[in-house]
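Structure assessment
So you can see what is in the structure, the chains are spelled out below.
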Amino acid sequence: MSVPPNVGFATHGVASAGAEVAEIGVGMLGYAFMGRAHSNAYKTLPYMTWPPPLRPLLIGVAGRNQEAVADAAARYGFGKSMTDWRELVADDRVMLFDNTGPNNLHAEPTIAAAQAGKHVLCEKPLGRTAPESFEIWQRTAAAGVKHMCAFNYRFVPAVRLAREMIEAGELGDIYHFRGRYLQEWIVDPQFERVWRLDKDVAGSGALGDLGAHVVDLARFLVGEIAAVSGLTRTFIPERPGGHVDVDDAFEAVVDFENGALGTIEASRFCQGRKNALSFEINGSKGSIAFELERFNELAVHLVDSRPGAVAQGFRQVLVTEAHHPFWQWWWPPGHVIGWEHTFVHEIHHLLTAIACDGEVRPYGADFEDGYRAAEVCDAIVRSSETGRREGITYRTL
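For the structure given in this document, a descriptive report is provided here. Only a predicted model underlies this, so the values are computations on that prediction, with no experimental measurement involved. (Residues numbered from 1 in each chain as written. Predicted model: local features only at pLDDT ≥ 70, side-chain atom pairs only at ≥ 80, totals over all residues. Heavy atoms only, no water.)

1. Concerning the pattern of salt bridges
As a reminder, the rule being used: Whenever Lys or Arg places a side-chain nitrogen within 4 Å of a carboxyl oxygen from Asp or Glu, that contact is recorded as a salt bridge. Partly exposed residues are those whose accessible area sits between 20% and 50% of the maximum for their type, while under 20% is buried and over 50% is exposed, using a 1.4 Å probe and protein chains only.
Scanning all chains against the criterion turns up 26 salt bridges. A salt bridge links Glu132 to Arg128, with the nearest nitrogen and oxygen atoms 2.8 Å apart. Given a relative accessible area of 14%, Glu132 falls into the buried group. On the accessibility criterion, Arg128 (28% relative accessible area) is partly exposed.

In structure tokens, the structure reads:
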């Protein structure tokens, strides 16, 4: 179901030059880390991206703990709270269902919402496995609604600038992609077995939690991945609360369909690394590099082909100029933004697709992208189990 602008939405307020801004009712599953990040974006988007494509109206939030979800509703500004997500799916005022719940709650609620005619935004990984991810994509696509998998790092200004440079041919032929995502939060052996360490709930460990982001960025910036050679490792299999049956870290060598070579790694066992996502891309005409902890910068080296030119190495580009991606909504040059703004950009992109009946791809990740990232992750697991290089076959609808 595609909804043209201002059809099926309430209109309130005046944007600019007398234009009305339609409201879109939002129902959200989950209220913790990602729920807070998404809620902040819904609250910020209407006044910072003025005029917004649609004005989010926060209808309700669902979660397992009645007291905690009620507190979240009051804190984030949702009209109501409940412990059964089906109430949101049944609410005709909800036009966008935002799933920030644990991974085992991605499939059923998302599919149900789509089949009820609601557009859907689902946190990554889309599913716990590639088959589950494919089913979510297949059944959601059949419902005819807009769908987005929340790979928010596509919406970092420096990452979008990197994509624009590659599309423009500024790096020439791409030879290498090196990506990694490192954290330290479960190094302590006494850290309890939370849901992210339970395969039935999470599907995988560092691979789906962190590695999926790197896989998506590799696909977004360089192209489709054709084969992988991977190794996974669980360093502490027993913790307070039970047995850990997911990976703590993984390493993979990847072959891209366009001939580029890559390495991808993720670990939650890197002392001193809080949220260290980084990548480097090398091409025939230059290289770029990015570190999330230097969010507003892109390292750039472009070959100077003029006679007698001396190679200068990398320079740090501060991605805050008025002509840089997403900057029309923010501050004067040099006034930096942060991690939370990626969700504003991401949700704005989805709301634009809904309002204008446009496409989520290629700059946003739809459920096909979520599925394809899952195929790569599953292939890394298979390679670790078999000790062989694993080719990847992608299913189509």
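2. What to know about the layout of surface pockets
We count it as follows: In this analysis the probe radius is 1.4 Å and the grid spacing 1 Å, with only protein atoms considered; a cavity is a set of points the probe fits into but cannot get out of, a pocket is an open set with protein on both sides within 12 Å along at least five of seven lines, and lining residues have an atom within 4 Å of a point. Grid points are joined across faces, edges and corners, and a volume is the space filled by probe spheres set on the points. Going along the chain from the N terminus, every DSSP run of H or I of four or more residues is numbered as a helix, and every run of E of two or more is numbered as a strand. Each residue is assigned to one of three groups, with Ala, Val, Leu, Ile, Met, Phe, Trp, Tyr, Cys and Pro labelled nonpolar, Asp, Glu, Lys and Arg labelled charged, and all others, Gly among them, labelled polar.
The space that makes up the largest pocket amounts to roughly 730 Å³. Lining the largest pocket are 35 residues, and of these Phe33, Met34, Thr100, Trp195 and Arg196 lie nearest its centre. Of all the secondary structure elements, the ones that give two or more residues to the lining of the largest pocket are helix 1 (33-48) and helix 8 (206-221). Tallied by class, the residues present in the lining of the largest pocket amount to 17 nonpolar, 12 polar and six charged. Reported here for the second largest pocket is a volume of approximately 460 Å³.

3. Quick notes on the packing of aromatic side chains
Test applied: Note on aromatic contacts: the rings of Phe and Tyr and the six-membered ring of Trp form a pair at centre separations within 6.5 Å, being stacked when their planes are under 30 degrees apart, edge-to-face when over 60 apart, and tilted otherwise.
Within the structure shown, the criterion is met by 14 aromatic pairs. Measuring from centroid to centroid gives 6.0 Å for Tyr153 and Tyr181, while their planes differ by 65 degrees, and the two rings are edge-to-face. Residue Tyr153 is found in the loop between strand 7 (147-150) and helix 6 (157-167), and its partner Tyr181 is found in strand 8 (residues 174-182); the two are separated by 28 residues along the sequence. This pair shows no difference in class: Tyr153 is buried, exactly as Tyr181 is. Aromatic side chains Trp185 and Phe191 sit 5.3 Å apart centroid to centroid with 80 degrees between the ring planes, which places their arrangement in the edge-to-face category. Assessed through its relative accessible area of 28%, Trp185 is described here as partly exposed. One aromatic cluster is present, formed by Phe177, Phe256, Phe279 and Phe290 through successive ring pairs.

4. Concerning the nonpolar core
Counted only if it meets this: The nonpolar core is taken to be a set of buried Ala, Val, Leu, Ile, Met, Phe, Trp, Tyr and Cys residues, with the residues joined through side-chain atoms within 4.5 Å. In what follows, residue pairs with any heavy atoms lying within 4.5 Å of each other are defined as contacts.
The biggest cluster of nonpolar side chains holds 115 residues, and the ones touching the most others in it are Ile225, Ile281 and Leu298. The greatest single-element share of this core, amounting to 10 residues, is contributed by helix 8. The contacts of Ile281, once residues within four sequence positions are left out, are Ile166, Leu171, Ile174, His176, Phe177, Leu221, Val222, Gly286, Ser287 and Ile288. Formed by seven residues, the second largest nonpolar core is a distinct cluster that contains Ile186, Leu197, Ile236 and Val246.

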